[in-house]
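Geometric and topological summary
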Amino acid sequence: MKLIFLDADGTLFHHEGYIPDSAIKACIQAQKNGHKVILCTGRQRIEIFGPMLEIDYDAIIAGSGATIECEHKIVEENALTKEESQYLSNYLLTNHISANFESSTGIYATQYTKDTMLKMVEEQCAGKSEEEKAKHGLTILTSQITVVDNIKDLSTTKSPLLTMGKRHTKRSNKIYPTNTM
């Protein structure tokens, strides 16, 4: 038996919003041959939907390792502490830095961040048809955001920052030393 780890975006999941039939067939055949197929992605569990569920994964490692699911049961989930969330939220809001706050059950942001993302969608989808725009990853991500006023009380696992049109994930212990709490 071998463990087969697959990334989602740009590897298994095509940038245009589909998984090639050949990839689905290969995963099914690998499982029939006794191998385990594991999706390993930076996406949160809630962001694994549609075509990505055409494969019955033996395990999913989601949220950059924050959530681990085996045989359709969550066996590990690591969230930021309330203190870490509060510090991070204060820092980002004070410095006008757009960021999502993600967990296995939802993606949260301030209205400022959502508006920033909508502008990014318009820039990145300029010249695309409405159908192409609707399938674009940033459009799908933006549509999943729940706008909140108070991020401080949420249980989140990571916070990708939005800068220069790209997402950069920063784990809490990289933002500030843990002994500052």
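Use the structure listed above.
In what follows, the accompanying structure is described. (Residues numbered from 1 in each chain as written. Predicted model: local features only at pLDDT ≥ 70, side-chain atom pairs only at ≥ 80, totals over all residues. Heavy atoms only, no water.)

1. A word on the overall build of the protein
A tally of helices and strands in the protein yields 6 helices and 10 strands. The buried share of the protein, taken over its 181 residues, is 40%. Put simply, of all contacts in the protein between residues at least 6 apart along the chain, 57% involve residues at least 24 apart. For the protein, the computed accessible surface area is about 10,300 Å², with 52% contributed by carbon and sulfur atoms. (Helix = DSSP H or I, 4+ residues; strand = E, 2+ residues; numbered from the N terminus. Buried < 20%, exposed > 50% of the residue type's maximum accessible area, 1.4 Å probe, protein only. Contact = heavy atoms within 4.5 Å. Areas by Shrake-Rupley, 256 points an atom, 1.4 Å probe, with all protein chains shown as cover.)

2. Thoughts on the sheet that holds strand S6 (residues 101-102)
Whenever strands of a sheet pair, they do so through backbone hydrogen bonds, lying parallel or antiparallel. Reading across the sheet, the 3 strands line up as S6-S7-S8 and stay open at both edges, with mixed pairing between neighbours. Two strands close off the open sheet at either side, each with one partner strand: S6 and strand S8 (145-147). As paired elements, S6 and strand S7 (residues 107-109) share 2 bridges and run antiparallel to each other. Bridge pairing links Glu102 to Ile107 in S7. (Pairing = 2+ DSSP bridges.)

3. Topic: unusual backbone geometry
Note: most peptide bonds trans; most residues except glycine with negative phi. Even without being a glycine, Glu71 presents a positive backbone phi close to 50 degrees. Take Glu71: it is sitting in the loop between strand S4 (67-70) and strand S5 (73-77). Glu71 gets classed as exposed once you look at its relative accessible area, which sits at 62%. With a phi close to 50 degrees, His96 is a non-glycine residue in the positive phi region. On the secondary structure map, His96 appears in the loop between helix H2 (82-94) and S6.

4. Some points on the pairing of S5
Of the strand pairs in this sheet, S4 and S5 are connected by 4 bridges, and their pairing is antiparallel. Residue pairing across strands places Thr67 opposite Glu77, the latter belonging to S5. Once S4 ends, the chain turns through 2 residues before running back antiparallel as S5, passing Glu71 with a positive phi of about 50 degrees.

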